[in-house]
Amino acid sequence: MVSNLFESELSGGGLFKDASVLSPHYVPDRLPHRKSEISQIIRIIGPILRETKPNNVFVYGKTGTGKTAVIRHVTRELKRVVDDPDKNKKNVKVECVYMNCRVGYNSKYQVLLKILEDESLNRQGYEKKPMEDRGKKGKLSGLSPTELYERLKVFVEANNLNLVVVLDEVDMIKDADDLLYILTRINDEISSGSVSIMGISNKFSFKDVLDSRSKSTLCEEELVFKPYHANQLKSILTQRLRLGFKKGVIASSSVGLISAYGAQTNGDARYALRLLKKAGELAQGSGHKRITVDDVKSAKVKVEEDITFEIISTLPEHQQIVLYSIAQTLIRGSAYKRLDASPEAVLFSGEVYEAYERVCTQLNVKSRTMRWFREYLNDLEMLGLLTLTVSGKGVRGNTSLIRLGNPPEEVKKIVSESLGLT
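Residues numbered from 1 in each chain as written. Predicted model: local features only at pLDDT ≥ 70, side-chain atom pairs only at ≥ 80, totals over all residues. Heavy atoms only, no water.

(A) Quick look at the overall build of the protein. Within the protein one finds 15 helices and eight strands. Going through the 422 residues of the protein one by one, you find that 47% of them count as buried. A separation of at least 24 residues holds for 74% of the contacts in the protein among residues at least 6 apart in sequence. Counting only carbon and sulfur atoms, one obtains 50% of the accessible surface of the protein, whose full area is about 21,600 Å². (Helix = DSSP H or I, 4+ residues; strand = E, 2+ residues; numbered from the N terminus. Buried < 20%, exposed > 50% of the residue type's maximum accessible area, 1.4 Å probe, protein only. Contact = heavy atoms within 4.5 Å. Areas by Shrake-Rupley, 256 points an atom, 1.4 Å probe, with all protein chains shown as cover.)

(B) Representation of the layout of surface pockets within the structure. By volume, the second largest pocket is sized at about 920 Å³. Around the second largest pocket, the lining is made up of 29 residues, and of these D171, M172, I173, K174 and W372 lie nearest the centre. Contributions of two or more residues to the lining of the second largest pocket are made by helix 6 (176–189), helix 12 (317–332) and helix 14 (370–382). Broken down by element, the lining of the second largest pocket gets its largest block of residues, six residues, from helix 14. When its residues are assigned to classes, the lining of the second largest pocket shows 13 nonpolar, five polar and 11 charged. (1 Å grid on protein atoms, 1.4 Å probe; cavity = no way out; pocket = protein on both sides within 12 Å on 5 of 7 lines; lining within 4 Å. Points joined across faces, edges and corners; volume = space filled by probe spheres on them. Nonpolar A, V, L, I, M, F, W, Y, C, P; charged D, E, K, R; others polar.)

(C) Representation of the packing of aromatic side chains. Counting across every chain of the model gives seven aromatic pairs. Taking 6.2 Å as the distance between ring centres and 25 degrees as the angle between the ring planes, the aromatic pair formed by F58 and F206 counts as stacked. With F58 in strand 1 (residues 56–60) and F206 in the loop between strand 4 (194–201) and helix 7 (212–218), the pair connects residues that are 148 residues apart, well separated along the chain. In this structure an aromatic cluster arises from ring pairing among Y353, Y356 and F373. The residue whose ring lies beneath K300 is Y261, and the NZ or CZ to ring-centre distance is 5.1 Å. Positioned above the aromatic ring of W372 is the side chain of R371, whose terminal nitrogen or guanidinium carbon lies 5.2 Å from the ring centre. (Phe/Tyr/Trp six-rings, centres within 6.5 Å; stacked < 30°, edge-to-face > 60°. Lys NZ or Arg CZ within 6 Å of the ring centre and 35° of its normal.)

(D) Layout of the sheet that holds strand 7 (residues 386–390). The three strands are arranged 6-8-7 in an open sheet whose pairing can be described as antiparallel. Each having just a single partner strand, strand 6 (346–348) and strand 7 make up the two edges of the open sheet. Averaged over all pairs of adjacent strands, the angle between their axes in this sheet comes to 30 degrees, without regard to strand direction. Of the pairings in the sheet, the one linking strand 7 to strand 8 (residues 400–404) comprises five bridges and is antiparallel in character. In the strand pairing of strand 8, L386 is matched with L404. (Pairing = 2+ DSSP bridges. Axes fitted to C-alpha atoms, helices over the stretch in contact; angles between N-to-C directions.)

(E) The arrangement of the nonpolar core in detail. Formed by 39 residues in total, the largest nonpolar core has its most connected members in I115, L152, L163, L167 and L183. Secondary-structure elements contributing two or more residues to this core are strand 1, strand 2 (93–100), helix 4 (108–117), helix 5 (145–158), strand 3 (161–168), helix 6 and strand 4. Of the residues forming this core, the biggest block, seven residues, is contributed by helix 6. Apart from residues no more than four positions distant in its own chain, L163 is found in contact with E95, V97, I115, L121, L152, V156, S194, V195 and S196. The next biggest cluster of nonpolar side chains, apart from the first, holds 28 residues, and it includes Y324, A327, Y353 and V359. (Core = buried A, V, L, I, M, F, W, Y, C linked by side-chain atoms within 4.5 Å.)

(F) Layout of the sheet that holds strand 3. Taken in spatial order, the five strands line up as 2-3-4-1-5 in an open sheet, and their pairing is parallel. Two strands close off the open sheet at either side, each with one partner strand: strand 2 and strand 5 (220–224). Sheet twist, expressed as the average angle between the axes of neighbouring strands with direction ignored, equals 15 degrees. Pairing of strand 2 with strand 3, which is carried by eight bridges, proceeds in the parallel orientation. For V97, the partnering residue across the bridge sits in strand 3 and is V165. Sheet strands in contact with helix 2 (residues 35–45) are strand 1, strand 3, strand 4 and strand 5, and its direction is about 175 degrees off that of strand 5. Helix 3 (residues 67–82) rests against strand 1, strand 2, strand 3 and strand 4 of the sheet, and its axis sits at about 155 degrees to strand 2.

(G) Highlighting the environment of K207. When you line up the elements, K207 lands in the loop between strand 4 and helix 7. Each residue touching K207, except ones within four places of it in the same chain, is listed here: Y60, K215, E220 and E222. A distance of 2.7 Å separates the side chain of K207 from the side chain of E220, its partner in a polar contact. (Polar contact = N/O pair within 3.5 Å; in protein donor to acceptor, adjacent residues only side chain to side chain.)

The structure is reproduced here in structure tokens:
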């Protein structure tokens, strides 16, 4: 009996052929519906092959619009050209360092350390001495950001290296002003090589929070990625279906339903792919030979629960506190007098700010000003976790009305576990 447990897997059972192609980290050789964006980025980054520093480029767009996939596709193709001696006859040295600033690299220090420790900069053929700490290789942690900066500058110049730094979710870097400023100033302090930046952000207003010093040194170009519509999503899913699933396991109507769900979720291809994979897992787990519409509908519920948990649990601390304050106020009931036309599920920004200050005191965390609080609300709205409307007639002053996008009990539970609240 035991020997037969894996028999179905050994015999190729199941609906999947290669589930990895449904991952958001998989970048296919062909990216449907992003030809124009790819061409524009190639135009911007292309001069690096002539040892001319390219402009920095920042791409904006909502989640799932292909920003990261396009950037990774372009940098991958760039490296293929650079590593091909028949095409790179001038032996131009180019390295691309990618990092997701939401996951572990959200400060100037962490970004500089990641660049210096990246395996691409530690390949054979590069002069390593500038990377050494007092003669001991690989001992970079513990150095100050200034020391890391100096080592990076010397390394780039000593190797005549053209370095491309990709900062995904660049808006998550706490001291982005300082980081962007010093990375761009490197080029003024070296006689050979270059450093250029490719920034990716969901926040169209990211540049607005930078000071004038950083803006003046960036010399950047900007691209905005539009959301996919349902037909575009369907062709993206069809491409991945051929690679990831066995033939004939899903009907066109089910693919169309997933595409429609993705289009309703701000044209989010990442969401649609995740939904497709989850539907396949549920169908396979139930012993189905095909993915049914019911599998898709069940997958939608599960995926949305998972996404909500992931988004909330990875938010910065103060944004989590704001969410917790909203949820807690809704559960306990508002102390503010309601307008006749205002349902109990709507809160005033003033009462939420008061609750936010109380939770900060409970956590022994210094509360931020009302200006920062409004920024947090805007960020949470952008992520779809709440909606904001400006108060209308009958309310004294100008305040925001806040509606939570998920059940308050669910939100409170997630944040409580993340922040250690009881």
